[in-house]
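Chain by chain, the residues run as shown.
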Amino acid sequence: MRFLEKVSKMAGNTFAIWVILFAVLAFFIPGGFTWIAPHIPLLLGIIMFGMGLTLSLNDFKAVFQAPKSVIIGVFAQYTIMPLLAFGLATAFRLEPEVAVGVILVGCCPGGTASNVMTFLAKGNTALSVAVTSVATLLAPILTPALTLLFASKWLSVSAGSLLMSIVQIVLVPILLGLVVKLFFRKHVEKSVAALPLVSVVGIVAVASAVVAANAQQIAETGLLIFSIVILHNGLGLLLGFLIAKGLKLNFADQKAISIEVGMQNSGLGAALAIAHFSPLSAVPSAIFSVWHNISGPLLATWWGKRADKDAAKISDNTNYSKVV
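Residues numbered from 1 in each chain as written. Predicted model: local features only at pLDDT ≥ 70, side-chain atom pairs only at ≥ 80, totals over all residues. Heavy atoms only, no water.

**Q** How would you explain the overall build of the chain if you had to name every residue and give the values?
**A** Within the chain one finds 15 helices and zero strands. Here the chain, with 324 residues, has 49% of them falling under the buried criterion. Nonlocal contacts in the chain, meaning residues at least 24 apart in sequence, comprise 85% of its contacts between residues at least 6 apart. Only carbon and sulfur atoms are counted for the fraction: they give 71% of the accessible area of the chain, which is about 15,200 Å². (Helix = DSSP H or I, 4+ residues; strand = E, 2+ residues; numbered from the N terminus. Buried < 20%, exposed > 50% of the residue type's maximum accessible area, 1.4 Å probe, protein only. Contact = heavy atoms within 4.5 Å. Areas by Shrake-Rupley, 256 points an atom, 1.4 Å probe, with all protein chains shown as cover.)

This is the structure we're talking about:
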């Protein structure tokens, strides 16, 4: 178990590298990964089940201890990213299937990787976990409703079908995870260290499958979609930070909300796109999955090093004051 825990920790720390590596392999050798595509909902269900196993009442304490921060985070998540997606799709005059894909990933909740990034950034990790959890539990209602509102300009959207898919992929596995943890707590606590490895394998497999299924389309339109994804992610990170700052939250909360807003559950976006629209609609989610696992760690590392420097300065000043 210790060996598995070490492997799991290493996989979590090198998450971005594996996403990029396998996305590149899937692009150049698509035949080796297309077989995964039919299993994307199952993979996401396993990831969400793992999330359920790790959740506890303590994760929701932040909702009651600092409701303002949690409400701001969830509200920002479900307004900034959908509005940005709609604006970018309109401004760039995207073809319908791509436009719907951009909007769909924008209407998804934040991804669990945001919790790790917030920890590395020395942000408020408890707030990040609370926002991710609440936003994910609200996804069956808000993701279909917002997709219908913003994407129906391009393609017909069945909010009811989307709702059922999200319930099956997200809500049911999370609830099952909570139930299993309730009845088999000791066994879950022993195996929970391996969950980061499961999540990494699942997300890498989802991203690879979507890239493989759309290798030709990515070659033709990849630069445009990649540019839109960078803008979507970057503006989400920036606006999330500015809104938190404008509402007078502390710096640790500002970092948490920025990362929560900018990092999406792109695997869910890909699964919904394939199931309800077309493989091409899943391309923005696939590219988002690759990109935000580059931008997220870069931002988190910069913020983390800045926090360490600030802490060192405070320590030096304190020691100097004691000497004086």
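**Q** Explain the layout of surface pockets residue by residue, including any values.
**A** Taken as a whole, the second largest pocket encloses approximately 240 Å³ of empty space. Lining of the second largest pocket is provided by I20, A23, V24, F27, V211, I218, G222, F226, I287, V290 and I294. Mapped onto the lining of the second largest pocket, the elements with two or more residues apiece are α2 (15-28), α12 (215-246) and α15 (283-323). Its residues assigned to classes, the lining of the second largest pocket comprises 10 nonpolar, one polar and no charged. (1 Å grid on protein atoms, 1.4 Å probe; cavity = no way out; pocket = protein on both sides within 12 Å on 5 of 7 lines; lining within 4 Å. Points joined across faces, edges and corners; volume = space filled by probe spheres on them. Nonpolar A, V, L, I, M, F, W, Y, C, P; charged D, E, K, R; others polar.)

**Q** Break down the packing of aromatic side chains for me, citing the residues and quoting the values.
**A** One pass over the structure, following the stated rule, counts nine aromatic pairs. Between the aromatic rings of F86 and W154, the centroid separation amounts to 5.7 Å while the plane-to-plane angle is 70°, which identifies the pairing as edge-to-face. Taken together, the positions of F86 in helix α5 (residues 67-91) and W154 in the loop between α8 (125-151) and α9 (159-183) put the pair 68 residues apart, joining distant regions of the chain. (Phe/Tyr/Trp six-rings, centres within 6.5 Å; stacked < 30°, edge-to-face > 60°.)

**Q** How would you sum up unusual backbone geometry? Please name residues and give values.
**A** We note that R93 has phi near 50°; this positive angle belongs to a residue other than glycine. Assignment of secondary structure puts R93 in the loop between α5 and α6 (96-106). In this structure, K122 takes a positive phi of about 60° despite not being glycine. With respect to the helices, strands and loops of the structure, K122 is situated in the loop between α7 (113-120) and α8.

**Q** Tell me about empty space enclosed by the protein, and name the residues and values.
**A** With a probe scaled to a water molecule rolled over the atoms, the places where space remains empty come into view. Overall, the coordinates contain one cavity of 30 Å³ or more when judged by the stated rule. In this model, the largest cavity occupies a volume close to 160 Å³. G111, T112, I203, Q264 and N265 are the residues nearest the centre of the largest cavity, which is lined by 18 residues in total. Those elements giving two or more residues to the lining of the largest cavity turn out to be α3 (40-54), α8, α14 (266-276) and α15. Partitioning the lining of the largest cavity into residue classes produces six nonpolar, 12 polar and no charged.

**Q** Can you explain the packing of α12 against helix α13 (residues 251-262)? Please cite residues and give values.
**A** Where α12 contacts α13, the axes come no closer than 7 Å and their chain directions differ by 150°. When the axes of α12 and α13 are compared, the pair comes out roughly antiparallel. By crossing handedness, the relation of α12 to α13 is classed as right-handed. Residues N233, G236, L237, G240, F241, A244 and K245 of α12 form the contact with α13, whose participating residues are F251, Q254, K255, I257, S258, I259, V261 and G262. (Axes fitted to C-alpha atoms, helices over the stretch in contact; angles between N-to-C directions. Parallel < 35°, antiparallel > 145°, perpendicular 65-115°, else oblique. Left-handed = near helix turned anticlockwise from the far one by under 90°.)

**Q** Tell me what's going on with the packing of α5 against α8, and back it up with residues and numbers.
**A** Relative to each other, α5 and α8 sit at 35°, their axes nearing to 9 Å. At the point where α5 passes α8, the crossing takes the right-handed sense. In this structure, α5 uses S69, V70, G73, V74, Y78, P82, L83 and F86 to contact α8, whose residues at the interface are L127, A130, V131, V134, A135, L138, A139, L142, T143, L146 and F150. A class-by-class count of the residues in the contact of α5 with α8 yields 16 nonpolar, three polar and no charged.

**Q** Break down a nonpolar patch on the surface for me, citing the residues and quoting the values.
**A** Taken together, the side chains of M10, W18, I20, L21, V24, L25, F28 and I29 present a nonpolar region at the surface, about 710 Å² in accessible area. Examining the composition of the nonpolar patch, we find that six residues originate from one element, α2, more than from any other. Tracing the backbone shows F28 in helix α2. F28 gets classed as exposed once you look at its relative accessible area, which sits at 63%. (Patch = residues over 30% accessible without salt bridge, like charges linked within 9 Å, V, L, I, M, F, W, Y side chains within 5 Å. Salt bridge = Lys/Arg side-chain N within 4 Å of Asp/Glu carboxyl O.)

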